[in-house]
Number of protein chains: 2
Amino acid sequence: MIDYALLLKEHQLKATFQRMQILEVIEKYGHIAIEAIYEEVSRIHSSLSLATIYKNIVLMTQKGVLTEIPIIGEKSKYEIIKDEHIHLICTECGTVIDKMLDDDTAIDTEKVAKTSSFSLEHRQVNLYGTCDHCQS
Amino acid sequence: MIDYALLLKEHQLKATFQRMQILEVIEKYGHIAIEAIYEEVSRIHSSLSLATIYKNIVLMTQKGVLTEIPIIGEKSKYEIIKDEHIHLICTECGTVIDKMLDDDTAIDTEKVAKTSSFSLEHRQVNLYGTCDHCQS
DNA sequence: TCCTTAGTAATAAAAATTATCCATAAGGAA
DNA sequence: TTCCTTATGGATAATTTTTATTACTAAGGA
Ligand SMILES: [Mn+2]
Ligand SMILES: [Mn+2]
Ligand SMILES: [Zn+2]
Ligand SMILES: [Zn+2]
């Protein structure tokens, strides 16, 4: 259970009813596209303006509350920022699975960046394939 | 110098004048967004319909001639498919730099997928940061 | 060279995103 | 708690991006 009001305030954003509704839906689905947020908010909660959702997704992404997950062949999904992890994206059902990296499965991107004089700020690793469920 | 006509035929696509113009521009820039392809084609070559560019980008991507590179905060870029590599994306100037992976900098994503019962098909690694040039 | 069929241009339509502007609510001050 | 200031939301228009339609045209095989 995330304290949405606190999360927003920590990022210098007012804790409005609408923002908390949006965050609640994103948290519920983990990774979700804008149109889907709109549908879910409209269905479950009161009806927010689509423009409000757009404005807040953009704003919360800028302020570091959310992060965009651009995906090949579909619209970007968004999630609440958390510890670094990579994504397993099922090309059958669209599910996005979080995968934390441990020492065993670390990705040595630091070295890659270093050998290219590239100042690394953010890593984005998407693995596309078929999820456990869709294989059977 | 890529033989565009051959490349297209290898993927069961007719080698039209327009497709070769598009491929030539993509090859020239390496990684490029649709609108930019349109501008460049219109400027340098004859003027192709924007709809033609869209249709062909989609088609050539489906047929495996091109690959989409979705990027946080901007529109997807496209490139001609080549050996697997990752991307260093400069958040200052937008440049996309190819980085081949050698044994030293390999990314052990196989293991990640395996421990998740995930059937891996395609990897997409984007490293965001500041390029050599923009640091000075 | 001729034919068949897929591809293109032009344009309309649809979908996605952003801007505008007035009403409203959040949150700090008193 | 009430009041004030200002950021935010709703409604909607405008813009941008992407897709569909259709008549004409060119690619490539016979
Ligand atoms: Mn995630
Ligand atoms: Mn590349
Ligand atoms: Zn699946
Ligand atoms: Zn740069």
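Because the structure is a prediction, the values reported are computed rather than measured.

Thoughts on the pattern of salt bridges
Residues and elements named next belong to chain A.
Argument step 1. Inspection of every chain in the model, using the stated rule, returns 12 salt bridges over all chains.
Argument step 2. Across the pair Arg43 and Glu40 runs a salt bridge, and its minimum N-O distance is 3.2 Å. Of this pair, Arg43 and Glu40 are both found in helix H3 (residues 34-44), 3 residues apart, which corresponds to roughly one turn of the helix.
Argument step 3. Exposure remark for Arg43: the relative accessible area of 59% places this residue in the exposed category.

Observations concerning the coordination of the manganese ion (ligand 1)
All names here are of chain A.
Argument step 1. For the manganese ion (ligand 1), the protein coordination sphere consists of His31 (NE2), Glu79 (OE), His85 (NE2), His87 (NE2) and Asp98 (OD), at 2.1 to 2.3 Å.
Argument step 2. For the manganese ion (ligand 1), all donor residues lie on one chain, and their spacing in sequence is H-x47-E-x5-H-x1-H-x10-D. Of the two residues examined, Glu79 and His87, each falls in the buried class.

Describing the pairing of strand S2 (residues 66-71) of chain B
All names here are of chain B.
Argument step 1. Counting buried positions over the 6 residues of S2 gives 6, a clear majority of the element.
Argument step 2. As defined by bridge partners, S2 adjoins strand S3 (residues 74-80) across 5 bridges and the pair is classed as antiparallel. Bridging from a neighbouring strand, Thr67 pairs with Glu79 of S3.
Argument step 3. Between S2 and S3, which pair antiparallel and follow one another directly, the connecting turn spans 2 residues, one of which, Gly73, has a positive phi of 80°.

Topic: the protein's contact with DNA strand C
Argument step 1. Of all residues adjacent to DNA strand C, which total 17 residues, the nearest are Ala15(A), Tyr54(A), Thr16(B), Gln18(B) and Thr52(B).
Argument step 2. Contact distances for DNA strand C include 2.3 Å between a phosphate oxygen and a side-chain N or O atom of Tyr54(A).
Argument step 3. Ser49(B) places a polar main-chain atom, nitrogen or oxygen, 3.3 Å from a phosphate oxygen of DNA strand C.
Argument step 4. Listing elements by their share of the surface near DNA strand C, those giving two or more residues are helix H4 (50-62) of chain A together with helix H2 (17-29) and helix H4 (50-62) of chain B.
Argument step 5. Looking at the surface near DNA strand C, its residues break down into 5 nonpolar, 5 polar and 7 charged.

Some thoughts on the coordination of the manganese ion (ligand 2)
All names here are of chain B.
Argument step 1. The protein atoms that coordinate the manganese ion (ligand 2) are His31 (NE2), Glu79 (OE), His85 (NE2), His87 (NE2) and Asp98 (OD), at distances of 2.1 to 2.3 Å.
Argument step 2. Each donor residue of the manganese ion (ligand 2) belongs to the same chain, and together they define the spacing H-x47-E-x5-H-x1-H-x10-D.
Argument step 3. Relative accessible area serves as the criterion here: at 2%, Glu79 is assigned to the buried category.
Argument step 4. The class for His87 is buried, based on a relative accessible area of 6%.

Thoughts on the protein's contact with DNA strand D
Argument step 1. Contacts to DNA strand D come from 17 residues, most closely from Thr16(A), Gln18(A), Thr52(A), Ala15(B) and Tyr54(B).
Argument step 2. Protein-proximal atoms of DNA strand D, defined as those within 4 Å of the protein, fall in sugar or phosphate at a share of 72%.
Argument step 3. For DNA strand D, a phosphate oxygen lies 3.1 Å from a polar atom in the side chain of Arg19(A).
Argument step 4. Counting only elements with at least two residues in the surface near DNA strand D, the list comes to helix H2 (17-29) and H4 of chain A together with H4 of chain B.
Argument step 5. No other element matches the 4 residues that H4(A) contributes to the surface near DNA strand D.

Concerning the environment of Lys75(A)
Residues and elements named next belong to chain A.
Argument step 1. By secondary structure assignment, the location of Lys75 is in the loop between strand S2 (66-69) and strand S3 (77-80).
Argument step 2. Judged by its relative accessible area of 69%, Lys75 falls in the exposed class.
Argument step 3. Sequence separation between Lys75 and Ile34 is 41 residues, and the spatial gap between their C-alpha atoms is 8.4 Å.

Observations concerning the packing of helix H3 (residues 34-44) of chain B against H4(B)
All names here are of chain B.
Argument step 1. Between H3 and H4, the shortest axis-to-axis distance is 10 Å and the interhelical angle comes to 130°. With respect to H4, the axis of H3 lies oblique. For H3 against H4, the interelement crossing comes out right-handed. Here Ile34, Glu35, Ile37 and Tyr38 of H3 come into contact with H4, specifically with Leu50, Ile53, Tyr54 and Ile57.
Argument step 2. Here the contact of H3 with H4 is composed, by residue class, of 7 nonpolar, no polar and 1 charged.

Some remarks on the domain arrangement of chain A
Residues and elements named next belong to chain A.
Argument step 1. Taken as a whole, chain A is organised into domain 1 (4-80) and domain 2 (85-135).
Argument step 2. With 7 residues of domain 1 at the contact, the number on the domain 2 side is 9 residues.
Argument step 3. Taken together, the links from domain 1 to domain 2 amount to 0 salt bridges.

So, the sheet that holds strand S1 (residues 32-33) of chain B
Residues and elements named next belong to chain B.
Argument step 1. The sheet built from 3 strands is open, its strands ordered S1-S3-S2 with antiparallel pairing. What marks the edges here is a single partner per strand, and that holds for S1 and S2.
Argument step 2. Contacts from H4 reach S2 and S3, with the element oriented near 110° to S2.

Section: the environment of Thr52(B)
Residues and elements named next belong to chain B.
Argument step 1. With respect to the helices and strands, the residue Thr52 is situated in helix H4.
Argument step 2. The class of Thr52 is partly exposed, set by a relative accessible area of 22%.
Argument step 3. The sequence separation of Thr52 and Met100 amounts to 48 residues, and the corresponding C-alpha distance is 32 Å.
Argument step 4. Excluding anything up to four places from it in sequence, Thr52 contacts Gln18 and Ile22.

The rules behind each value
- Residues numbered from 1 in each chain as written.
- Chains lettered and ligands numbered in written order.
- Predicted model: local features only at pLDDT ≥ 70, side-chain atom pairs only at ≥ 80, totals over all residues.
- Heavy atoms only, no water.
- Salt bridge = Lys/Arg side-chain N within 4 Å of Asp/Glu carboxyl O.
- Helix = DSSP H or I, 4+ residues; strand = E, 2+ residues; numbered from the N terminus.
- Buried < 20%, exposed > 50% of the residue type's maximum accessible area, 1.4 Å probe, protein only.
- Donors = N, O, S within 2.8 Å, 3.2 Å for Na, K, Ca; no water.
- Pairing = 2+ DSSP bridges.
- Near = heavy atom within 4 Å.
- Polar contact = N/O pair within 3.5 Å; in protein donor to acceptor, adjacent residues only side chain to side chain.
- Nonpolar A, V, L, I, M, F, W, Y, C, P; charged D, E, K, R; others polar.
- Axes fitted to C-alpha atoms, helices over the stretch in contact; angles between N-to-C directions.
- Parallel < 35°, antiparallel > 145°, perpendicular 65-115°, else oblique.
- Left-handed = near helix turned anticlockwise from the far one by under 90°.
- Contact = heavy atoms within 4.5 Å.
- Domains from an automatic or database assignment.

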